[in-house]
Amino acid sequence: MQKFFLYPLRSFLLMVMLTASPFSTLALAESGQSVVLKGETWTIHIYPQSLQVTAQPKGKDSVQLSAPQENLGAVKRLKQSEREVSWELGEKNLLVSYKLDGESLFVRFTSKAPGRFTWPVLRNDPAVQAYILPLFEGSYVPSGNAQWLNFLTESSPMNTTEGLSMPFWGVDCGDYTLTYILTNPFNNELVFENREGRIAMRCTHEFTKNWVKKEYGLLIRLGEASPVEPGRQYRRWLIEQGQFASLQDKIKKVSGVKKLLGAAHIYLWGDALITRHDVLDWKRFTAKLMQQGKASQLSPGKRIWELMSQEIRKAVAEIVLIKYPYAYIKSQVTNELSNLLERRNFYTESAWQNVKLPEEAQGLLKRGIPKLNDPQLWWLNCLLLEAAFPDEFIKSDLWGDGVSVKMMEKFAESGFDRLWLGLNTWQGGFRHPQAIKKAKDLGYLIATYDSYHSIHHPEEPDTWETAQFDLQLYETGAVVRADGTKKRGFKRKGYILSPIAAMPYVKKRVTGIMKTLPEPLNSWFIDCDAYGQLYDDYSELHPATQQDDMNARLDRMVRIRDSYGLVIGSERGAAYAAPVIHFAHGMMTPVIGWGDPDLQKDKKSKYHLGGWWPPDGPAVFVKQVPLKEKYRTFYYDPRFRLPLYQTVFHDSVVATHHWGYGSLKFKDQVDTVELLELLYNVPPMYHMNLLEFEKHKKRMKAHHDFFSPLHRELALLPLTDFAWLRADRMVQRTVFGSRVEMVANFADEDFRYRETVIPKRSILARWLGTEDRRIFTPSSTAK
């Protein structure tokens, strides 16, 4: 480039060549010289022979948009106008085109045959100070940071629909940024490499045989020197393409969406029909039960004793003898009772002949037990147990733990007027319809977990509810690889289920659940569909490209949402799903440490996340553990976090943490998480039952009182600005619309902002143009 300007005569000749015939331009390209596209704000130099592209923003340092590559073959049929150039790489069966339009460079590669192609290649360009990556919410990655270098190289190759929450990345060049938007987000992978201690990367697209039109493209935009500028550029592009849907518009279609505004997200645990919290006097009840059980006379207690296992009979006897029955043994007994209450042979007329039954129970018995559906049967059995042991239980319509009327009442009594509540299974709604009704009466959203990701054999012993369909679908519905093998399911069990093949079963399941529920839900959560795992399916029965797979997933969420007017959410909330979903779990904090034995296998490790026991509060969700240090930089250190997703979708999708990594999970990060939630204006995620709520309600309420009014006011506004206010990036500022700014001080000393001193580890909310301001300090720091 320097030689071009040093020799005026040669420069003149080259300019003549550029305006001459295509044959002259082709000769120029083959000579290794650049083709120039010049705009008002930047100039692009393209080297067709190597696909090297260099950008020279006006008045700024140049940067390589892509480094040169070798062995690309001969350049053929090169054509150029003032702002556009195209040519063929014959040996690659590839048509290449670049078009400059203002601050946007459109790049397109069209292939005549299947194959893999790499572009762009970002090497060790000193102009690149950092990468701006939508890894979950967003990450700021200094190009020379050794920790990030190791993390990204170990994560390679990275599928862009699964690895990136949005199909773009940015580079920070100091006084400007560049944004690379993948206009075809499918079948791409990123590879990160170590180049002399700095991060390098390349993007490779696979032109697959199942695409008729084999096209790959990018839009590269020059932007301001802001770490969230790539998010702004992507949002702008979505709006230009008509692919952005606001929460305001979603509320017009599903009015319940407005209940997400200001709501914390809570998964509820403990949905057994009866729990240890429902027995008034344990020693008295167990004494009566054992006495009846051992008597010769027929009675409800004797019937229950006959159905109980020997182990639980021993537990009942132990409770009678010990002075202070402990929680575990109480749960053993009530878990057994809950199982018995779901049996169709629980009741016998002879056992209950001397018991006065309530009218509701009499009515259900008259209908006939074989004619009752499961919720009706279970409620009948609860009424029978309550009638058999009067004064031993609280009222049966209050029974339950996290899924219970009493849990809802505790939320309301503590001042939580808006909540999203999640059941781990729709069975919780079958067991406790009174709790569902109470939640809705209080203005809460309440949803069930659902999934269509994996399918298991009907006789698989170690299965889960959502993976069960029928033998025909198991044998025909799996996603098939190009080599003809079926793709294994989650944890390599069963198979990945084609969303196209699953569609009739989706309708059958959801319709069946909604018809059976005594009290319908008003929200629904579908795992995996918005995560980004999209598949090419080479099955003859349900062939699909990754785009077809995506469309089928979106279609089923739309059908579930629109059939019942449900507030719908999914895992993570990848960009392609944003127009459809209302909320997302897994964007603020994603899955961490998958496969790390310290977190998942070694129960002696202090970092072990916990197992799936007990069912009324699985340790994997409620147990608090310290965060393993190696993960802090990538997931919790505010210096490396960016609100990229919120910059794009704050006023479109309500996004929070993955359910496995909620707001309270890592006990040494709770304060940081609270500050990040408030800075980004996203809701917290909790896991609650009666005991967990007693433990954490003070902290939760303090957070709710600050967050909830703010979110109600700001959720429908875009996140318009983000900045670091200290060189160490430990004080950060966000702006929502032109209404409120949030300033978070993550440092261990006070920070003065304008006329306000923000205490260490605290956040300021300031209403622009007014004197109104509020400060929140997390409870751990406040101590």
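Residues numbered from 1 in each chain as written. Predicted model: local features only at pLDDT ≥ 70, side-chain atom pairs only at ≥ 80, totals over all residues. Heavy atoms only, no water.

Section: the layout of surface pockets
Using the following cut-off: In the cavity and pocket records, a cavity denotes points on a 1 Å grid over the protein atoms alone where a 1.4 Å probe fits but cannot get out, a pocket denotes an open set with protein on both sides within 12 Å along at least 5 of 7 lines, and lining residues are residues with an atom within 4 Å of a point. Grid points are joined across faces, edges and corners, and a volume is the space filled by probe spheres set on the points. Strands here are runs of E lasting at least two residues and helices are runs of H or I lasting at least four, both read from the DSSP assignment and numbered beginning at the N terminus. When residues are sorted by character, Ala, Val, Leu, Ile, Met, Phe, Trp, Tyr, Cys and Pro go into the nonpolar class, Asp, Glu, Lys and Arg into the charged class, and all the rest, Gly among them, into the polar class.
The volume enclosed by the second largest pocket comes to roughly 820 Å³. As for the second largest pocket, its lining consists of 37 residues, of which Leu 182, Thr 183, Asn 184, Pro 185 and Trp 237 are closest to the centre. Secondary structure elements with two or more residues in the lining of the second largest pocket: strand E7 (94-101), strand E8 (104-111), helix H5 (160-163), strand E17 (214-223), helix H6 (229-240) and helix H19 (546-564). In terms of residue count, the dominant contributor to the lining of the second largest pocket is E17 (4 residues). Looking at the lining of the second largest pocket residue by residue, the class counts come to 22 nonpolar, 10 polar and 5 charged.

As for the packing of aromatic side chains
We count it as follows: Each Phe, Tyr or Trp ring (for Trp, its six-membered ring) is paired with any other whose centre lies within 6.5 Å, and the angle between the two planes then decides the class: stacked below 30 degrees, edge-to-face above 60, tilted in between. Whether a residue is buried, partly exposed or exposed follows from its accessible area with a 1.4 Å probe, protein chains only, as a fraction of its type maximum: under 20%, in between, or over 50%, in that order. Ring-over charges, as used throughout, are those where CZ of Arg or NZ of Lys falls within 6 Å of the ring centre and within 35 degrees of the ring normal.
Applying the stated criterion to the full structure yields 46 aromatic pairs. An angle of 50° between the planes, with centres 4.9 Å apart, marks the rings of Phe 109 and Phe 117 as tilted. Considered together, Phe 109 and Phe 117 belong to a single accessibility category, that of buried residues. A connected cluster of aromatic rings, assembled from ring pairs, spans Phe 136, Trp 148, Phe 151, Tyr 631, Phe 634, Tyr 635 and Phe 640. Note that Lys 486 overlies the ring of Tyr 495, its terminal NZ or CZ placed 5.2 Å from the centroid. The side chain of Arg 572 reaches across the aromatic face of Tyr 531, ending 5.0 Å from its centre.

Side note on the environment of Ile 513
One can find Ile 513 in helix H18 (residues 499-516). Taking C-alpha positions, Ile 513 is 7.4 Å from Trp 426, a pair spaced 87 residues apart along the chain.

Considerations on helix H14 (residues 405-413)
Applicable threshold: Residues are treated as being in contact if the distance between any of their heavy atoms lies within 4.5 Å.
Within H14, the full set of buried residues consists of Val 405, Lys 406, Met 407, Met 408 and Phe 411. Where H14 is buried, its residues touch strand E18 (264-268), strand E19 (419-423), helix H16 (433-441), strand E27 (685-688) and helix H25 (690-714). One or two residues past the end of H14 sits Gly 415, with phi positive at roughly 95°.

Notes on the pattern of salt bridges
Just so we agree on the cut-off: Salt bridges are identified by distance alone: a Lys or Arg side-chain nitrogen within 4 Å of an Asp or Glu carboxyl oxygen.
Taken as a whole and judged by the stated rule, the model has 50 salt bridges. Between Glu 240 and Arg 221 there is a salt bridge; the shortest N-O distance is 2.8 Å. In this pair, Glu 240 is assigned in helix H6 and Arg 221 in strand E17, connecting sequence segments 19 residues apart. In this structure, Lys 628 engages Asp 596 in a salt bridge whose closest nitrogen and oxygen atoms are separated by 3.0 Å. On the criterion of sequence distance, the pair formed by Lys 628 in the loop between helix H21 (619-622) and helix H22 (632-635) and Asp 596 in the loop between strand E25 (583-585) and helix H20 (597-600) is long-range, its members being 32 residues apart. Taken together, the salt bridges that share partners define one network made up of Glu 224, Glu 229, Arg 232, Asp 721, Arg 733, Glu 741, Arg 754 and Arg 766.

Some remarks on the side chain of Gln 732
Our working definition: The definition of a polar contact used here is a pair of N or O atoms within 3.5 Å, where within protein one atom must be able to donate a hydrogen and the other to accept one, and adjacent residues in sequence count solely through side-chain atom pairs.
For Gln 732, the location among the structural elements is in strand E29 (residues 731-736). Since its relative accessible area comes to 0%, Gln 732 is described here as buried. A polar atom in the side chain of Gln 732 sits 2.7 Å from the backbone oxygen of Pro 638. In this view, Gln 732 contacts Pro 638, Arg 639, Leu 679, Phe 722, Ala 723, Trp 724, Met 742, Val 743, Ala 744 and Phe 746; residues no more than four positions away in its chain are not counted.

Focus: a nonpolar patch on the surface
The condition is simple: Only residues whose relative accessible area exceeds 30% and that form no salt bridge enter a patch; like-charged residues are grouped when within 9 Å of one another, and nonpolar side chains (Val, Leu, Ile, Met, Phe, Trp, Tyr) when within 5 Å. Only the protein chains shown count as cover for residues, and all accessible areas are computed by the Shrake-Rupley method using a 1.4 Å probe.
On the surface, Tyr 326, Tyr 328 and Trp 613 cluster together to form a nonpolar patch covering roughly 390 Å² of accessible area. Secondary-structure assignment places Tyr 326 in the loop between helix H10 (310-321) and helix H11 (327-341).

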